[in-house]
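Take a look at the letters that make up each chain.
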Amino acid sequence: YSSPRCVKPPNCGAASDLPTRVLMRYSLQMANKQWLWGIVLVIAVAVTGYLVMHFNDPQRGYRESGNFDIFKIEGKPAPAFEAKIVGKDASFALEKVDKPTLLVFFGTFCPHCKDQMPITGVIAKKFADKAHVFAVNGREYANLSIAEREEKVAAYLSENAWADIPTLIAPVEMQTALEITAVPCVVLIDGSKKVRYVGLANHSESRLESLLEEAL
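Residues numbered from 1 in each chain as written. Predicted model: local features only at pLDDT ≥ 70, side-chain atom pairs only at ≥ 80, totals over all residues. Heavy atoms only, no water.

Participant: What am I meant to see in the packing of helix 3 (residues 111-126) against helix 6 (residues 205-215) here?
Facilitator: Each pair of packed helices gets described by two things: the angle between the helix axes and the distance between those axes. Between helix 3 and helix 6, the least distance of the axes is 10 Å, while the angle of their chain directions is 40°. By the angle between their axes, helix 3 is oblique relative to helix 6. The handedness of the crossing between helix 3 and helix 6 is right-handed. Within the contact between the two elements, helix 3 uses Q116, I119, V122, I123 and K126 and helix 6 uses E205, L208, E209 and L212. (Axes fitted to C-alpha atoms, helices over the stretch in contact; angles between N-to-C directions. Helix = DSSP H or I, 4+ residues; strand = E, 2+ residues; numbered from the N terminus. Parallel < 35°, antiparallel > 145°, perpendicular 65-115°, else oblique. Left-handed = near helix turned anticlockwise from the far one by under 90°. Contact = heavy atoms within 4.5 Å.)

Here you go:
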């Protein structure tokens with residue numbers, strides 16, 4: 001009696017291992033394919049994300065339209081200016097500071113500006129020790145005196161519970177020098193008095209935080 005072992009033919013053992021080898025080879029091929037498809041998927045996601053951000057970025061559309069001269073001032077020295085601080089017997093003079101200055105231009109007539117104002121207030125508090133952050137009212141009441149303009153803007157801030165948001169009454173010359181023709185408009189001036197960034201439309205809290213952190 002012989003035990004049920006494979007003794008003939010000589011390659012019987014190899015034949016019995018064939019299904020295992022085939023399975024291992026198939027598994028290896030599948031693993032390689034999955035690894036390859038994983039790389040393709042990562043690349044596809046990255047490219048898609050870039051395209052979405054690139055084509056959905058409103059700043060890109062504004063810049064490429066050629067309708068706004070304000071973008072030309074990026075990288076150039078900021079114009080010297082002094083502006084009255086609403087509700088205070090004081091003014092803000094750019095040439096006297098060495099911190100980044102974030103100016104968010106608004107109009108009391110502008111519905112989008114109403115959405116931006118609370119965010120400006122939050123950023124002003126967060127960066128109170130690191131930067132100067134102001135909401136800025138510009139040409140809206142250009143035919144009035146500074147005192148009359150301040151009275152109107154103060155009433156607007158008060159009725160919307162924004163009296164604590166640092167706000168400037170911009171001289172007409174300041175807004176003209178900055179080429180600002182639309183609101184809301186964000187202008188970031190770094191500590192060396194150069195215009196670091198210009199952006200139109202509303203900006204999120206995280207976006208403004210990021211801009212200021214990069215300028216510090």
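Participant: Could you clarify how one ought to interpret unusual backbone geometry in this entry?
Facilitator: Leaving glycine out, the prevailing phi sign among residues is negative, and the prevailing peptide bond configuration is trans. Cis geometry marks the peptide bond from V183 to P184; its omega dihedral reads -5°. Inspection of the secondary structure puts P184 in the loop between helix 5 (172-177) and strand 6 (185-189). We note that K193 has phi near 75°; this positive angle belongs to a residue other than glycine. If you trace the backbone, K193 turns up in the loop between strand 6 and strand 7 (195-200).

Participant: What is the right way to read the packing of aromatic side chains from this model?
Facilitator: What describes a pair of aromatic rings is the distance from one ring centre to the other and the angle between the planes of the rings. Going through the model one piece at a time under the given rule, you end up with four aromatic pairs. Residues F81 and F92 carry aromatic rings whose centres are separated by 6.1 Å and whose planes lie at 45° to one another, so their mutual orientation is tilted. Taken as a pair, F81 in the loop between helix 2 (58-65) and strand 1 (82-85) and F92 in strand 2 (residues 91-93) lie far apart in primary sequence, eleven residues in all. Considered together, F81 and F92 belong to a single accessibility category, that of buried residues. Relative to F134, the ring of F92 lies with its centre 4.8 Å away and its plane at 55°, an arrangement referred to as tilted. Of this pair, F92 sits in strand 2 while F134 sits in strand 4 (residues 132-137), placing them 42 residues apart in sequence. Grouping residues by exposure puts F92 and F134 together as buried. Every member of this aromatic cluster is reached through a ring pair, and the members are F81, F92 and F134. (Phe/Tyr/Trp six-rings, centres within 6.5 Å; stacked < 30°, edge-to-face > 60°. Buried < 20%, exposed > 50% of the residue type's maximum accessible area, 1.4 Å probe, protein only.)

Participant: Explain the confidence of the model for the protein to me, please; I cannot follow it from the model alone.
Facilitator: On average, residues of the protein score 80 in pLDDT, and 70% of them are at 70 or above. In the model of the protein, helix 2 stands out as the element of lowest mean pLDDT, 57, in contrast to strand 4, which has the highest, 96. Predicted confidence is poor over residues 1-9, with pLDDT under 50, and the contacts of this stretch with residues over four places away or in other chains come to two contacts. Segment residues 50-56 is flagged for pLDDT under 50; beyond a separation of four residues in sequence, or across chains, it makes three contacts in the model. (pLDDT = per-residue confidence, 0-100.)

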